[in-house]
Amino acid sequence: SSFSGCHLQEVVYKLNALLICCCFVFCRRPPKLRQISWLLFVFFSSDIEISRAQSPKAVDVLAKEIGLLTDEIEIYGQTKAKVRLSLLERLKDQPDGKYVLVAGITPTPLGEGKSTVTIGLVQALTAHLKINSFACLRQPSQGPTFGVKGGAAGGGYAQVIPMEEFNLHLTGDIHAITAANNLLAAAIDARILHENTQSDKALYNRLVPVVKGVRGFSSIQLARLRRLGINKTDPETLTEEEISRFVRLDIDPSTITWQRVVDTNDRFLRKITIGQANTEKGFVRQAQFDIAVASEIMAILALTTSLEDMKERLGKIVVANDKKGEPVTAEDLGVTGALAVLMKDAIKPTLMQTLEGTPVFVHAGPFANIAHGNSSILADKIALKLVGEKGFVVTEAGFGADIGMEKFFNIKCRASGLVPSVVVLVATVRALKMHGGGPSVSAGAPLKKEYTEENLQLVADGCCNLQKQIQIAQLFGVPVVVALNVFKTDSPAEVDLVCKIAKQSGAFDAVPCNHWSDGGRGAVKLAQAVEKAANQKSSFKYLYSLELPIAEKIKTIAQKVYGAQDIELSPAAQSQIDRYTRQGFGKLPICMAKTHLSLSHQPEKKGVPTGFILPISDVRASIGAGFIYPLVGTMSTMPGLPTRPCFYDIDLDPVTEEVKGLF
């Protein structure tokens, strides 16, 4: 009678509890019942329910276990802590551990489980093989969390806990980035307005006011004077011509590239008009919002190596050109110090833990299709010191190897100086069937029977994408281990076929993984394969020389990585390349903004497209972050919400304050 009125899932929970009771009351040796109970719980529990079923250890206990001192952490609640950068100075003589990158094949819109593999791997290494290891993950954006893809804490028995804290706000880093980004955007438009409505003298009196009878330059204003070649420190000694040069940035509004950001998928902010109030005196222009994780400040956070380096990078941000065609920077606007203040806590990695109590750093969260798609250099460097010479640090690059991994090697490794030991390439039978000609896969729609029934031909045909991604990794001279993320609908024959083809295609090893259902125990064979591969000789190399012209670097990526026949630059793209080259930015690496759903620029082209011309519609520069980013085709930097977003299922219990529906 206790089952009356229950939903199916509630019935299963009650049956599960009854089975557990039977195990203890009636059976001395109940392995079968234990196994049935476990499978029922795994199969019918959501990620958030699994996360909540495990009580995480207190974060100060975790910090002590991994060798952090009390004054090296700043605790946020019971389960999160910021780690201070002073740790790097204390451990500067400690040898680094092995560095492992998790990448993937071209994914379906559902994702193929790179985060889950990353977490399962470190759980296997630490909790099962007793090898020090650390996972370094990106902080998820609110956009996909409430949009289509959901959170990014992993899943099943391979996830970061508490997963609701991981996926919602965390320690506020993305909010800090949003505040800093939008302060800079406000400074640009305000400066244009004030220059348009005031004389040189009025501007000077307001920019360098008399305070208590004394007029003085701030330190950032003195730096601007030096850049202008004006070697004076007394405001009363500037000539009229020098005053004019000092107070006027003469920003050309048509060249402004700095956009406002918000961490929500909002398609109606892709094109807006600002300045329509009467108080803005007719200064109206078209602008747009980007999603917060596409902000250059997010990329700077991910690529910086110290507080000093971050401040320098923030100052170098180019927001527009002046009317003479010269770049205007955040430093010129006088806002660098304020940006650094807003980011002073965000620069510290956040310490969390996996379901099995192994340590995780969560830091930075740039998308891989519209940014460089990797977690922070600082988190990696700290983790490499903490694990010691025989330990492993496992980090993840967004989307397919053609996007996130390529940028990891050509951008992140150049900035960090770190050399990876192994690439773990994640594949699923589901995605391979899609690449083999299976029907389209859409988030929220049931999978067609081709994906739930054995089909060896589809799998074999789709392995072309896996082979191509292995070849891309080999361009960089790093050994590849394929991790096949196994789903319950995969047949043994399909699993064996994928592993066989992967090994024949040059992978060091290919291993089926069951970490989603079994936790670290389900990834032990993967961990053993990674440990062996890390002992192989690596001949790491970059794909291109920075000395090449911008267009040649773009072409190299398009041809060698994507398989394009050639590139086609729009007139706007060519004009921008010419401008950046003239301004001295031609020797920066390239960060392609391209769809993640195909090797080409067309999301519907699966498998390994060939013979296509890659269209470059525009080229922009993130000078503070340190890269040039071409926009491929119609790539948008602000995602939109689908017909049925994830937020329909997300709720809060007002009594227990528990979050429901996150995944």
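Conventions used here
Residues numbered from 1 in each chain as written. Predicted model: local features only at pLDDT ≥ 70, side-chain atom pairs only at ≥ 80, totals over all residues. Heavy atoms only, no water. Helix = DSSP H or I, 4+ residues; strand = E, 2+ residues; numbered from the N terminus. Buried < 20%, exposed > 50% of the residue type's maximum accessible area, 1.4 Å probe, protein only. Contact = heavy atoms within 4.5 Å. Areas by Shrake-Rupley, 256 points an atom, 1.4 Å probe, with all protein chains shown as cover. Lys, Arg positive; Asp, Glu negative; His and termini not counted. Charge placed at Lys NZ, Arg CZ, Asp CG, Glu CD. Core = buried A, V, L, I, M, F, W, Y, C linked by side-chain atoms within 4.5 Å. Domains from an automatic or database assignment. Salt bridge = Lys/Arg side-chain N within 4 Å of Asp/Glu carboxyl O. Pairing = 2+ DSSP bridges. Axes fitted to C-alpha atoms, helices over the stretch in contact; angles between N-to-C directions. Parallel < 35°, antiparallel > 145°, perpendicular 65-115°, else oblique. Left-handed = near helix turned anticlockwise from the far one by under 90°. Nonpolar A, V, L, I, M, F, W, Y, C, P; charged D, E, K, R; others polar. Expected span 1.5 Å × (residues − 1). 1 Å grid on protein atoms, 1.4 Å probe; cavity = no way out; pocket = protein on both sides within 12 Å on 5 of 7 lines; lining within 4 Å. Points joined across faces, edges and corners; volume = space filled by probe spheres on them. Polar contact = N/O pair within 3.5 Å; in protein donor to acceptor, adjacent residues only side chain to side chain.

1. Let's talk about the overall build of the protein
Per the secondary structure count, the protein includes 26 helices and 25 strands. In terms of principal-axis extent, the alpha carbons of the protein reach across some 95 × 55 × 55 Å. Relative to its 663 residues, the protein shows a buried fraction of 56%. Sequence separation of at least 24 residues holds for 74% of the intrachain contacts in the protein that already meet a minimum separation of 6. Surface accessibility of the protein: about 28000 Å² in total, with carbon and sulfur atoms responsible for 54%. Each charge sign in the protein was given a centre, from 73 positive and 66 negative side chains, and these centres are 2 Å apart.

2. Examining the nonpolar core
Soluble globular proteins: nonpolar side chains tend toward being buried together. Of all hydrophobic cores here, the largest spans 84 residues; its most connected members are L351, F361, M405, F409, L466 and L614. Mapped onto the domain boundaries, this core takes at least three residues apiece from domain 1 (47-171 + 345-535) and domain 3 (550-631). Each residue touching F409, except ones within four places of it in the same chain, is listed here: L101, R414, P420, V423, F476, V478, F540 and Y542. One finds A294, A364, A593 and M635 within the second-largest nonpolar core, a separate group that totals 58 residues.

3. Description of the pattern of salt bridges
Counted by the stated rule, this structure contains 34 salt bridges. Between E65 and K57 there is a salt bridge, with its nearest N and O atoms 2.8 Å apart. Given a relative accessible area of 26%, K57 falls into the partly exposed group. Residues K385 and D96 are paired through a salt bridge, measuring 3.1 Å at the closest nitrogen-oxygen approach. Taken as a pair, K385 in helix α17 (residues 377-387) and D96 in the loop between α5 (86-90) and β3 (98-104) lie far apart in primary sequence, 289 residues in all. K385 sits in the buried class, given a relative accessible area of 15%.

4. Focus: the sheet that holds strand β23 (residues 627-632)
Read across the open sheet, the 3 strands follow the order β21-β22-β23; overall the sheet is mixed. Lying at the two open borders of the sheet, with one neighbouring strand each, are β21 (566-569) and β23. Between one strand axis and the next, the sheet turns by 50° as a mean value, whatever way the strands run. Of the strands in this sheet, β21, β22 (613-622) and β23 are in contact with helix α26 (residues 571-582), which crosses β22 at around 40°.

5. Here's the deal with the packing of α17 against helix α18 (residues 401-416)
Running from N to C, α17 and α18 point in directions that differ by 60°, and their axes come no closer than 10 Å. With respect to α18, the axis of α17 lies oblique. Of the two possible hands of crossing, α17 and α18 adopt the one that is right-handed. Here I377, D380 and K381 of α17 lie close against α18, whose contacting residues are K412, A415 and S416. Of the residues in the contact of α17 with α18, the class split is 2 nonpolar, 1 polar and 3 charged.

6. A word on unusual backbone geometry
Along the chain, I161 connects to P162 via a cis peptide bond; the corresponding omega equals -10°. Within the secondary structure layout, P162 lies in the loop between β6 (158-161) and α8 (163-167). Here K130, not a glycine, exhibits a phi torsion of approximately 60°, which is positive. With respect to the secondary-structure elements, K130 resides in the loop between α6 (114-128) and β4 (133-137). Exposure remark for K130: the relative accessible area of 65% places this residue in the exposed category.

7. Focus: α6
Under the 1.5 Å per step criterion, the end-to-end length of α6 is 20 Å for 15 residues, consistent within 8% with the ideal 21 Å. With respect to burial, α6 is a largely interior element, 12 of its 15 residues being buried. Along α6, the residues classified as buried are K114, S115, T116, V117, T118, I119, G120, L121, V122, Q123, A124 and L125. Of the residues one or two after α6, K130 is the one with positive phi, at around 60°.

8. Some thoughts on the layout of surface pockets
Its boundaries defined by the atoms lining it, the second largest pocket holds a volume of some 770 Å³. Along the walls of the second largest pocket sit 40 residues, with I256, T257, W258, Q259 and R620 positioned nearest its centre. Where the lining of the second largest pocket is concerned, the elements lending two or more residues are β11 (285-287), α13 (296-303), β13 (318-321), α26, β22 and β23. Two domains share the lining of the second largest pocket, each providing at least three of its residues, namely domain 2 (174-340) and domain 3 (550-631).

9. Some words on the side chain of E296
With respect to the helices and strands, E296 occurs in helix α13. It is R313 that comes nearest to the buried, bridge-free E296 among opposite-charge side chains, at 7.5 Å. In this structure the side chain of E296 is engaged in a polar contact, spanning 2.7 Å, whose partner is the backbone nitrogen of G624. Once residues within four sequence positions are removed from consideration, E296 is found in contact with W258, I317, A621, S622, I623, G624 and A625.

10. Regarding the side chain of E112
Tracing the backbone shows E112 in the loop between β3 and α6. For E112, the side chain forms a polar contact with the side chain of T108, separated by 2.6 Å. Here T428 takes part through its side chain, which lies 2.6 Å from a polar atom of the side chain of E112.

Taken by themselves, the reported measurements are silent on function.
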